[in-house]
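Survey of secondary and tertiary structure
Each chain, written out:
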Amino acid sequence: MQYTVRKAVDHLLRYLTPDERVIPPVDGTESEGRIESALYALNGGLQELYALSSDWLSTQSQGEILNAPTATNATLVKGSRVASLDTAASWMEGCTIRVTGSGNDNEILEISGTDINLRNPSTLTGTIACTVYHDCLILPANVRELNGTVLLPGIGEIRPANGEKDLRAKTYGHTSLNDSDYAFVPGDREEEVYSGAQPLGTPRYYWVDSVHSLTEGPRHRMKLMPMPNAEMIIEYRAEVSPPNYTIADVWVQDPESGNDPGVYIPAPNDFTESIIIPIVAQRFKSSPFFRNDSATAEITRQ
């Protein structure tokens, strides 16, 4: 049977006395503490399962749109990393920005509204035409690592690179001089790999690294090369973190649903009662609210 979070908490509270099974929670009372203790056991049990399980539980397929190059204007001050764009979008975080008249591409590290922070200080001052290329994907917060093939549907597989240096070297090394502004000279790859205009085309390589956001904490991002020259779809499989449930997932004021928010635990139906609930119950019996000694043997037997 597929369990909602509410149903799982109800199951755990049945190990307590009838007067201790109160839902909804009352702020600041033992009722709230018991439910939070049950959620602590549920979240911890899922983390354990995700860490130990095979791909059936912790791996998901994901898909994203790679946007076409987007032209806009940037307001810049020479020597400053702070700038603004006439037109901005959240997908531009981490992406390459090419400013007309600048000798090198730059990178948008952070974006808030139309304000941006750049990787390198601007060499120009004024409101200047620029283009943003969608060569970076900030992966969802629950993605721990990629697990499997990265595809451009209808085009083919793109392959991993071993770091930023290797990503650029692979790309420039496979790009014709006629296809790029980048003047690649055989034997000079070490010197040239971090400078110049990056090539456009269909991405062939990717690299995943980590960035730290002051508002969202550590995140993974996927860098692509060559930079996409048109809109396209990218697909990948990722190992994801388990959900983290709160009291809002247990109770809602809605008598028609039985006050159940309807948040389902992501597991195959026939694994919930036989695997997930017994592991969670083992954790719950260590709660300070658990005083039903007669149930301990049954939980251990499971």
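Residues numbered from 1 in each chain as written. Predicted model: local features only at pLDDT ≥ 70, side-chain atom pairs only at ≥ 80, totals over all residues. Heavy atoms only, no water.

Brief notes about the overall build of the protein
A tally of helices and strands in the protein yields seven helices and 16 strands. Going through the 302 residues of the protein one by one, you find that 44% of them count as buried. When contacts within the protein are restricted to residue pairs at least 6 apart in sequence, those whose partners lie at least 24 apart make up 71%. Accessible surface for the protein amounts to roughly 15,400 Å². Of this, 49% is attributable to carbon and sulfur atoms. (Helix = DSSP H or I, 4+ residues; strand = E, 2+ residues; numbered from the N terminus. Buried < 20%, exposed > 50% of the residue type's maximum accessible area, 1.4 Å probe, protein only. Contact = heavy atoms within 4.5 Å. Areas by Shrake-Rupley, 256 points an atom, 1.4 Å probe, with all protein chains shown as cover.)

Quick word on unusual backbone geometry
Note on backbone geometry: most residues besides glycine have negative phi, and most peptide bonds are trans. Along the chain, M225 connects to P226 via a cis peptide bond; the corresponding omega equals -10 degrees. Take P226: it is sitting in the loop between β14 (217-225) and β15 (227-228).

Examining the pattern of salt bridges
Overall, the coordinates contain eight salt bridges when judged by the stated rule. In this structure, E107 engages R119 in a salt bridge whose closest nitrogen and oxygen atoms are separated by 3.0 Å. Residue E107 is located in strand β5 (residues 106-112), and its partner R119 is located in the loop between β6 (115-118) and β7 (126-133); the two are separated by 12 residues in the primary sequence. Judged by relative accessible area, which is 6%, E107 ranks as buried. On the accessibility criterion, R119 (35% relative accessible area) is partly exposed. E107 is the partner of R221 in a salt bridge, and the nearest nitrogen-oxygen pair spans 2.7 Å. You can see R221 sitting in strand β14 and its partner E107 sitting in strand β5, a full 114 residues away along the chain. Just as R221 is buried, E107 falls in that class too. (Salt bridge = Lys/Arg side-chain N within 4 Å of Asp/Glu carboxyl O.)

Comments concerning the nonpolar core
Burial of nonpolar side chains together is a common tendency in soluble globular proteins. Membership of the largest hydrophobic core comes to 45 residues, with the highest contact counts inside it found for V9, M222, I234 and I265. Elements represented by at least two residues in this core include exactly α1 (5-13), α2 (30-52), β9 (143-146), β10 (150-152), β14, β16 (232-240) and α6 (269-284). Looking at which element gives the most residues to this core, the answer is α2, with eight residues. (Core = buried A, V, L, I, M, F, W, Y, C linked by side-chain atoms within 4.5 Å.)

Section: the pairing of β6
The alternating pattern of β6 places I116 and L118 on a buried face and D115 and N117 on a face that is not buried. Strand direction decides the pairing type here: β5 and β6, joined by four bridges, are antiparallel. Paired with S112 across the two strands is D115, which belongs to β6. Between the antiparallel neighbours β5 and β6 lie two residues, among them G113 with a positive phi of about 65 degrees. (Pairing = 2+ DSSP bridges.)

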